[in-house]
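A look at the structure
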Amino acid sequence: MRLAIDKVEPGMEVMSDVFNVNKALLLPKGAVLTERHLKALKTWGVEAINVVVAGEGGPSGAAGQPAPPEVLSAAEKRVAERFKHVTATSPAIEIIKKLALRHSAVHLQNSPTGQGSAKP
Amino acid sequence: MKMDVQTFVQRIGKLPSLPIVYQELVSAIEHPNTSIEDIGHILRKDQSLATRLLRLANSALYGFPSEIATLEEAAQLIGLKEIRDLTLATSVIKAFEGVPPELVDVTAFWKHSIACGIACSLLAEERHDPASERFFVGGLLHDVGRLILFLKAPEQAREVHKRCEDSGELVIRVEMDVLGFEHAALGAELATLWRLPVSLREMVRCHHNPARSTGFGVDAYTVHFADFLTTALEFGNSGEMLLSPLVPQQAGDQRLIEDDRG
């Protein structure tokens, strides 16, 4: 989630690399913010940054753990159904499919029913 | 009962309209002598719109570090064209408030549309399109034809939905069968009626078939690709859970996506 710098608190995790205006890296993705970082970011004039919010999950899933096999196979089924009319293949489609699978797995893992909230 | 889209539009009667303020805003922005104060003056005529705009300006969408208190401030910080497009966006959402909830989850519908709009503007920014701000609106509006169907032809919309559920066919194919036209064509009719720019109309009209657009192929492809992406990643729900095939980019088009990385 993107937060204005005055809403960011020490202890939060940076979700994506933070750069200054000269495109120099200030903080790498995954860094846990300290009071000193926040001061530096403000000094550099950074107005807002992306931080990890509980439940939102990073790209690798809620806690960075791989999904259990039953969730993965449910996600695979879901994605296959969704893509059933997409018969052609290309590098772009493959990448999107992978993203969809990851997204679906995180979604299924986080929903208590295992069915997800989306309607059929 | 199949018919062409123009006949359909004539038969269904009055379509939702945009607030007068929007057209005033469009002419004001085109006029070189318009001041920020003039814009504030126009927007304040519609209090509910003014409130919605301020709420948006203060939302995470922009992430400004401090609160924006007035419309003038918002116009200055966000820009006039962006204010115009936000006005259109929030007005469209309001115009379709009466859509029957049993036919479509309106919140999920707009979630899909907004996600698509954001994806469109990111893609346009990525290739440094000078008019990237209108892409958000193009993405937001792309499925508006579906809403017209839900609102004005609920019986046929239900029939389309039922057939898709039973057979697993794509909505766009069944629409052709049941109605004689696709929701994209219907959305484009609304864009024409609302006197929206041709580029927006083409983004709506050709979002399932960008090659059909003359002159706005890249714009239409942007929406096509963003729609594919947002549907694949299940952002909201437009009423179609299945992906339509991703059309390959036309040779000679400015490349939208790096498709050679493997």
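Before any of the text, the structure's been laid out above.
Overview of the structure.

Cut-offs applied
Residues numbered from 1 in each chain as written. Chains lettered and ligands numbered in written order. Predicted model: local features only at pLDDT ≥ 70, side-chain atom pairs only at ≥ 80, totals over all residues. Heavy atoms only, no water. Helix = DSSP H or I, 4+ residues; strand = E, 2+ residues; numbered from the N terminus. Rg over C-alpha atoms; globule rule 2.2 N^0.38 Å. Buried < 20%, exposed > 50% of the residue type's maximum accessible area, 1.4 Å probe, protein only. Contact = heavy atoms within 4.5 Å. Areas by Shrake-Rupley, 256 points an atom, 1.4 Å probe, with all protein chains shown as cover. Lys, Arg positive; Asp, Glu negative; His and termini not counted. Charge placed at Lys NZ, Arg CZ, Asp CG, Glu CD. Salt bridge = Lys/Arg side-chain N within 4 Å of Asp/Glu carboxyl O. Phe/Tyr/Trp six-rings, centres within 6.5 Å; stacked < 30°, edge-to-face > 60°. Patch = residues over 30% accessible without salt bridge, like charges linked within 9 Å, V, L, I, M, F, W, Y side chains within 5 Å.

Before going further, it helps to spend a moment on the overall build of chain B. Helices and strands together make up the secondary structure of chain B, namely 14 helices and zero strands. Ordering the α and β elements of chain B from the N terminus gives α-α-α-α-α-α-α-α-α-α-α-α-α-α. For chain B, the C-alpha radius of gyration of 19 Å lies close to 18 Å, the compact-globule estimate for 262 residues. Reported as C-alpha extents along the three principal axes, the dimensions of chain B are approximately 55 × 50 × 30 Å. When each of the 262 residues of chain B is scored for burial, the buried share is 55%. Of the contacts made within chain B by residues no fewer than 6 positions apart, 63% connect residues no fewer than 24 positions apart. About 12000 Å² of surface is accessible on chain B, with carbon and sulfur atoms providing 54% of the total. Across chain B, the centroid of the 25 positively charged side chains sits 5 Å from that of the 37 negatively charged ones.

Residues and elements named next belong to chain B. For the coordinates displayed, the defined rule picks out 18 salt bridges over all chains. Between Glu155 and Arg158 there is a salt bridge, with its nearest N and O atoms 3.0 Å apart. Of this pair, Glu155 and Arg158 both sit in helix H10 (residues 154-167), separated by three residues, roughly a single helical turn. Judged by its relative accessible area of 35%, Arg158 is partly exposed. In this structure, Glu202 and Arg201 form a salt bridge, with 3.3 Å as the shortest nitrogen-oxygen distance. For Arg201, a relative accessible area of 27% puts it in the partly exposed group. Here the salt bridges share partners, and the residues they tie into one network are Arg127, Asp129, Arg134 and Asp219.

You can see B:Ile39 is positioned in helix H3 (residues 36-44). Not counting residues within four places of it along the chain, the set of residues in contact with B:Ile39 comprises B:Leu25, B:Ala28, B:Ile29, B:Thr34, B:Ala75 and B:Leu80.

This part covers the packing of aromatic side chains. Counted under the stated rule, the structure contains four aromatic pairs over all chains. Centre to centre, the rings of A:Phe83 and B:Phe228 are 6.0 Å apart; their planes meet at 90°, and the pair counts as edge-to-face. Note that A:Phe83 is positioned in the loop between helix H2 (69-82) and helix H3 (91-110) and B:Phe228 in helix H14 (residues 217-232), a pairing that runs across two chains. B:Phe228 shares its class with A:Phe83; the two are buried. When the centroid spacing of 4.9 Å and the interplanar angle of 55° are considered together, the rings of B:Phe8 and B:Phe181 count as tilted. With a gap of 173 residues between them, B:Phe8 in helix H1 (residues 5-12) and B:Phe181 in the loop between helix H11 (171-178) and helix H12 (183-193) connect regions that are remote in the sequence. Side by side, B:Phe8 and B:Phe181 carry an identical accessibility label, which is buried.

Time to look at a nonpolar patch on the surface. The grouping of B:Leu61, B:Ile114, B:Ile118 and B:Leu122 at the surface amounts to a nonpolar patch, some 310 Å² of accessible area in total. Mapped onto the fold, B:Leu61 is located in the loop between helix H4 (47-57) and helix H5 (71-78).

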